[in-house]
Amino acid sequence: MLHTLKYGDSSMVVYLLTDVGGRRSYMVQGVRSRHGRGSKQALFQPMFPVEFEGMESSKLQMHRFKEIRSGFLLQSLPFDVRKSTMALFMAEVLYRLVRESEPNEALFDFVWGCVEALDTLDDGVANFHLWFLANLSRFLGFSPGNDYIEGAWFDVREGLYCSVQPLHTSIMAPANAHILNALIGCDVRHLSVIGLNRAQRVEFLNAMLIYFGYHLDAVSAVQSVRILQEVF
């Protein structure tokens, strides 16, 4: 679940990333009414995994659900403010950046796995959003194109690690280039091994947003960054 928009007094439009259809939008009627679908509204939260059967017709202005249910039971994400804040950020990033209505099973599997990993993660939670961005770049087509060199700069324009500082300003300094490489190569279950303090996380997040922004302008519209930086 990526995003919801209020529609009328009791309905909403929901945007999802699906395995067979890429990004899709569906109308949910009556979900916000007093006599509506009750607990079903709890499913429409950022990054909540759902399984559904849709009703798609060229005669309808917007697709609708025939049936929808939880994809799997979330154990901690809805109740942990750190994780729910990260889920909000992840959902907004995906909503802003993923526009295609074509299937991308690799991206879908990555995102579904991210939700499972975040929900079960005990240590290293504070680094999860950084790991998510670093590895998301692989599925959006602009991950680093060469092997890391110790002490290297990262050329954002070329997508390459460089032993010599590039002459332009679209770069990551060696400290952030090192973190980028470490996160891409890190098993999500071992994120606590990457020891970052608050200042380092903020600096690296800003560097990643510049990196993403160079390739995808829409990242500048992500509003949840401010909340994320306050929590972490």
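No experiment lies behind these values; they were computed from the predicted model shown.

Student: Explain the overall build of the protein to me, please; I cannot follow it from the model alone.
Tutor: Of regular secondary structure, the protein possesses six helices and eight strands. Of the regular secondary structure in the protein, the N- to C-terminal order runs β-β-β-β-β-α-α-α-β-β-β-α-α-α. Relative to its length of 232 residues, the protein is compact, with a C-alpha radius of gyration of 19 Å against a globular reference of 17 Å. In terms of principal-axis extent, the alpha carbons of the protein reach across some 60 × 35 × 25 Å. Look at the contacts in the protein between residues 6 or more apart in sequence, and 59% of them connect residues 24 or more apart. Carbon together with sulfur atoms contributes 49% to the accessible area of the protein, which is approximately 12000 Å² in total. In the protein, 21 side chains carry a positive charge and 24 a negative one; their mean positions are 11 Å apart.

Student: Just checking my understanding: could you explain the sheet that holds strand 8 (residues 171-172) for this structure?
Tutor: Pairing between the strands of a sheet comes from backbone hydrogen bonds, and it takes one of two forms, parallel or antiparallel. Pairing is antiparallel in the open sheet, where three strands are placed in the order 7-6-8. The sheet terminates laterally at strand 7 (160-162) and strand 8, the two strands that pair on one side only. Direction of pairing for strand 6 (residues 153-155) relative to strand 7: antiparallel, over a ladder of three bridges. Bridging from a neighbouring strand, Phe154 pairs with Tyr161 of strand 7.

Student: How should I be thinking about helix 1 (residues 81-97) in this particular structure?
Tutor: An α-helical segment advances 3.6 residues per turn. Residues three or four places apart therefore align on the same side. Relative to the 24 Å expected for 17 residues at 1.5 Å per residue, helix 1 spans 24 Å between its end C-alpha atoms, a close match to the ideal helical length. Within helix 1, twelve of the 17 residues are buried, which leaves it mostly tucked inside the rest of the structure. Residues of helix 1 that are buried: Lys83, Thr85, Met86, Ala87, Phe89, Met90, Ala91, Glu92, Val93, Leu94, Tyr95 and Leu97. For helix 1, the N-terminal cap is Asp80; the gap from its side-chain oxygen to the backbone nitrogen of Arg82 is 2.9 Å.

Student: How should I be thinking about the pairing of strand 5 (residues 63-70) in this particular structure?
Tutor: For a regular strand, side chains alternate in direction, first toward one face of the sheet and then toward the other. With two bridges connecting them, strand 3 (residues 22-28) and strand 5 associate as parallel partners. Following the sheet pairing, Tyr26 is matched in strand 5 by His63. Here strand 4 (residues 50-55) pairs with strand 5 via six bridges, running antiparallel. Along strand 5, the bridge assignment pairs Phe52 with Ile68.

Student: What should I look at first to understand the sheet that holds strand 2 (residues 11-18) in this one?
Tutor: The strand order 1-2-3-5-4 describes an open sheet built from five strands, whose pairing is mixed. Single-partner strands in this sheet number two, and they are strand 1 (3-7) and strand 4. Put simply, the sheet's adjacent strands are angled 35 degrees from each other on average, direction ignored. In this sheet, strand 3 lies alongside strand 2 in antiparallel orientation, the contact comprising seven bridges. Of the residues in strand 3, the one forming a bridge with Leu16 is Arg24.

Student: Just to check I follow, could you spell out the packing of aromatic side chains for this structure?
Tutor: Using the criterion set out here, one finds 17 aromatic pairs in the structure. When the centroid spacing of 5.0 Å and the interplanar angle of 85 degrees are considered together, the rings of Phe142 and Phe212 count as edge-to-face. Taken together, the residues span a long stretch of sequence, with Phe142 in the loop between helix 3 (128-140) and strand 6 and Phe212 in helix 5 (residues 198-215) at a distance of 70 residues. The class of Phe142 is buried, set by a relative accessible area of 7%. On the basis of relative accessibility, which here comes to 1%, the residue Phe212 falls in the buried class. Here Tyr211 and Phe212 contribute two aromatic rings whose centre-to-centre distance is 6.2 Å and whose plane-to-plane angle is 85 degrees, an arrangement assigned as edge-to-face. What links up through ring pairs into an aromatic cluster is the set Phe142, Tyr148, Phe154, Tyr161, Tyr211 and Phe212. Looking at Arg99, its charged tip hangs above the ring of Tyr95, at a distance of 5.7 Å from the centre.

Criteria and cut-off values
- For every chain, the first residue of the written sequence is number 1, and numbering continues from 1 onward in sequence order.
- Where totals are concerned, whole chains, interfaces and linings use all residues; where local detail is concerned, this predicted model gives features only for residues with pLDDT of at least 70, and gives and counts side-chain atom pairs only at 80 or more.
- As a rule here, side-chain values cover all heavy atoms of the structure and leave hydrogens and water aside.
- In this text, helices come from DSSP runs of H or I with a minimum length of four residues, and strands from runs of E with a minimum of two, each type numbered from the N-terminal end.
- Throughout, the radius of gyration refers to the C-alpha atoms, and the reference size of a globule is 2.2 Å times the residue count to the power 0.38.
- When checking whether two residues touch, look at their non-hydrogen atoms; a contact exists if any pair is within 4.5 Å.
- Values of accessible area rely on a 1.4 Å probe in the Shrake-Rupley scheme; residue burial ignores everything except the protein chains shown.
- Two residue types count as positive, namely Lys and Arg, and two as negative, namely Asp and Glu; His and chain ends fall outside the count.
- Charge placement uses NZ in Lys and CZ in Arg. For Asp and Glu, CG and CD serve respectively.
- When DSSP finds at least two bridges between two strands, those strands are taken to pair.
- Expected span of a helix, by definition, is 1.5 Å for each gap between consecutive residues, and there is one gap fewer than residues.
- The classification of residues rests on relative accessible area computed with a 1.4 Å probe and restricted to protein chains. Under 20% of the type maximum is buried, over 50% is exposed, and intermediate values are partly exposed.
- Contacts described as polar in this section are N or O atom pairs within 3.5 Å, which, within protein, must combine one atom able to donate a hydrogen with one able to accept it, while residues neighboring in sequence count only if both atoms come from side chains.
- Only the contacting stretch of a helix is used when fitting its axis, a line to C-alpha atoms as for every element, and angles between N-to-C directions run 0 to 180 degrees.
- Pairs were defined over the aromatic rings of Phe, Tyr and Trp, the Trp ring being its six-membered one, requiring ring centres within 6.5 Å. Orientation was assigned from the angle between planes: stacked under 30 degrees, edge-to-face over 60, tilted for the rest.
- To sit over a ring, a charge needs its Lys NZ or Arg CZ within 6 Å of the ring centre and within 35 degrees of the ring normal.

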